[in-house]
Amino acid sequence: MAPQQRLKKFVLKKERALITEVIEGLDRNLCIQNEDGTYLLGQAQNDTAHSKETAEHKAAITLEGDVIGWVSGSKKASTAAKLLSRLASRELEKRTLTKELLGKYKELTLLFRLSEQIVETLDIDQIASLVLDEARQVLPSSGGMLMLLNETTKVLEKVAAFQTEASNSAPSSPIKLGQGLLGKIIETTRGEIVDNVLNDERHVAAEAAEQGYACHTLICVPLKLKDRLIGAIALYRTQLDPYRSEDFKLLATLGAYTASVISVLMNEKQLKESRQNELLFQLAGQIRHSLNLSDTLHTAVQKIQSAFRSDRCFFLWHRSAVETSLPGVLNQQQSTDAHIAIVSESKNPSLPTITGSYDIDEIGEDILNQIYQQQVIQIDDASQLPDSPIKLFLQGSQCKALLAFPMMTRTGQVGLLCCASSQPRHWEPDKVKLLQTVTNQLIIAIDQAELYEKSQSAARLAQDKAHELQAAIGDLQAMQLKLVHTEKMSSLGQMVAGI
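What counts and what doesn't
Residues numbered from 1 in each chain as written. Predicted model: local features only at pLDDT ≥ 70, side-chain atom pairs only at ≥ 80, totals over all residues. Heavy atoms only, no water. Helix = DSSP H or I, 4+ residues; strand = E, 2+ residues; numbered from the N terminus. Buried < 20%, exposed > 50% of the residue type's maximum accessible area, 1.4 Å probe, protein only. Contact = heavy atoms within 4.5 Å. Areas by Shrake-Rupley, 256 points an atom, 1.4 Å probe, with all protein chains shown as cover. Axes fitted to C-alpha atoms, helices over the stretch in contact; angles between N-to-C directions. Parallel < 35°, antiparallel > 145°, perpendicular 65-115°, else oblique. Nonpolar A, V, L, I, M, F, W, Y, C, P; charged D, E, K, R; others polar. Pairing = 2+ DSSP bridges.

Re the overall build of the protein
At step 1: Counting its regular elements, the protein contains 13 helices and 16 strands.
At step 2: Classification of the 499 residues of the protein by burial places 41% in the buried group.
At step 3: Within the protein, contacts between residues at least 6 apart in sequence are counted, and of these 59% link residues at least 24 apart.
At step 4: Element-wise, carbon and sulfur atoms account for 53% of the exposed surface of the protein, whose accessible area totals about 28200 Å².

This is the structure:
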């Protein structure tokens, strides 16, 4: 706001009564004028003497070094000007402080409202949409987008966007860092307000047509973590309604908060991927260095429970009536009837153990059918299930959520790898994918263990046959010696008889 306008608002509105009282107390002949000579208080005198005195006694009213008006009419003009300058300065300070406090309150309200929504999700795409929704509420715009920088390709990839029905579509093709208007603004990492996009020398009409949007004004702020650029937020308006400096400050505050949240999520995502890779590496190592299926299953359920932060992880086999032994179970009497056997488990100490054999009726034929059809079993809230054996089983096991992957080995063994939670839980896609990968690793381990067991059995059989053959050869040799001895005795008898 120009100094004259600040003085006019100051004098004619809130403080006019006070100024009038001050002027009348000093000298009623005093007059107040704008810098251009317009009278704001008092009136010009027509007589020549007063006009001469007015010209001789004229003092400037200043505000932050700028002349915003004049006081004239008597010798007390200088005193009145000083007093009005101080009043104007105090009023400006008060209004500036009030404006800053209101801006801070607006920022805090925005960040608090956004924080409440962010704690409910850890997905970067959803957070980007939430940020844009908040931005469009405080800064009404025709459209906008949040972009993240691909550090390898240096391309700003759109994560979330919005547009009003009256606006054209937002840019659809990728934005290259350092190319085009947005690319060049973001490359500076400072952000900017562009009042007239079409007249900006960095803006190329052909490029705008290719991007598929046209706007008159835009505001863009970078998403930075210290000196590292991770993306940007851009809003635009199709009408001639430039953004203000206060808007830029507010959007920059929102951008700084968003950058910190997204950076944390990116680091957490990388940490999760590292943990998942570590889990898979350990399982692969277990497969390479051990052909003991029981040890492999025990390691798998322990690592999965830790990686998933679940309350319980276990592995079960389905055994048909014709089978008399169960892979993965040591020193356990096996039933010859069809049953379910939970052979390995890792759990929180407060939960009861569920290892052992169960009748098919205790689990339910429906679950058994899903296992044989190789269907993934995903239960987010067991309390929402209709009454069934599996619901009763989960309640008895203090499980309210279950994620399970079936497996079938080369020899036809059917098992189920299960991850359970004692509270309702939505299983994230990355968790589902990880458990699927672990299941594939276990199938390899089981197949290797079965092949090893078959080779051991074949070796034992061959060894037994060798022992039998060796014994038979020994018997033949003994019989041959006996026959030779008998023949010799017979010949000796005949010789004696002849003599």
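Notes on the packing of helix H9 (residues 293-308) against helix H13 (residues 429-498)
At step 1: Look at H9 against H13: their axes get within 10 Å of each other, and the N-to-C directions meet at 170°. Judged by the inter-axis angle, H9 sits roughly antiparallel to H13. When H9 is examined against H13, the residues Leu293, Thr296, Leu297, Ala300, Ile304, Ala307 and Phe308 are found in contact with a partner set consisting of Lys431, Leu434, Leu435, Val438, Leu442, Ala445, Ile446 and Ala449.
At step 2: Per-class residue counts for the contact of H9 with H13 are 13 nonpolar, 1 polar and 1 charged.

Examining the sheet that holds strand S10 (residues 228-237)
At step 1: In spatial order, the strands read S7-S6-S5-S10-S9-S8; together these 6 strands make up an open sheet with antiparallel pairing. At either margin of the open sheet sits one strand with a lone partner, and together these are strand S7 (175-176) and strand S8 (192-194).
At step 2: Bridge count for strand S9 (residues 217-225) against S10 is 9 bridges, and the pairing is antiparallel. Looking at S10, one finds that lysine 224 is bridged to leucine 229.
At step 3: Along the sheet, helix H5 (residues 124-138) contacts strand S5 (143-150), strand S6 (155-163) and S10; its crossing angle with S6, the most-contacted strand, is approximately 50°.
At step 4: The strands that helix H6 (residues 180-187) touches are S5, S6, S7, S8, S9 and S10; relative to S9, the one it contacts most, it runs at about 40°.

A closer look at the pairing of S10
Along any regular strand the residues' side chains alternate between the sheet's two faces.
At step 1: For S10, the buried fraction is high: 9 of the 10 residues fall into the buried class.
At step 2: Hairpin connection of S9 to S10: 2 residues between the antiparallel strands, including lysine 226 at a positive phi of 60°.

Here we look at the sheet that holds strand S2 (residues 39-41)
At step 1: Reading across the sheet, the 4 strands line up as S2-S1-S4-S3 and stay open at both edges, with antiparallel pairing between neighbours. With one partner strand each, in any of the chains shown, S2 and strand S3 (58-63) form the two edges of the open sheet. Mean inter-strand twist for the sheet, computed between neighbouring axes without regard to direction, equals 35°.
At step 2: Across 2 bridges, the pairing between strand S1 (residues 31-33) and S2 is antiparallel. For isoleucine 32, the partnering residue across the bridge sits in S2 and is leucine 41.

Geometry only, nothing functional implied.
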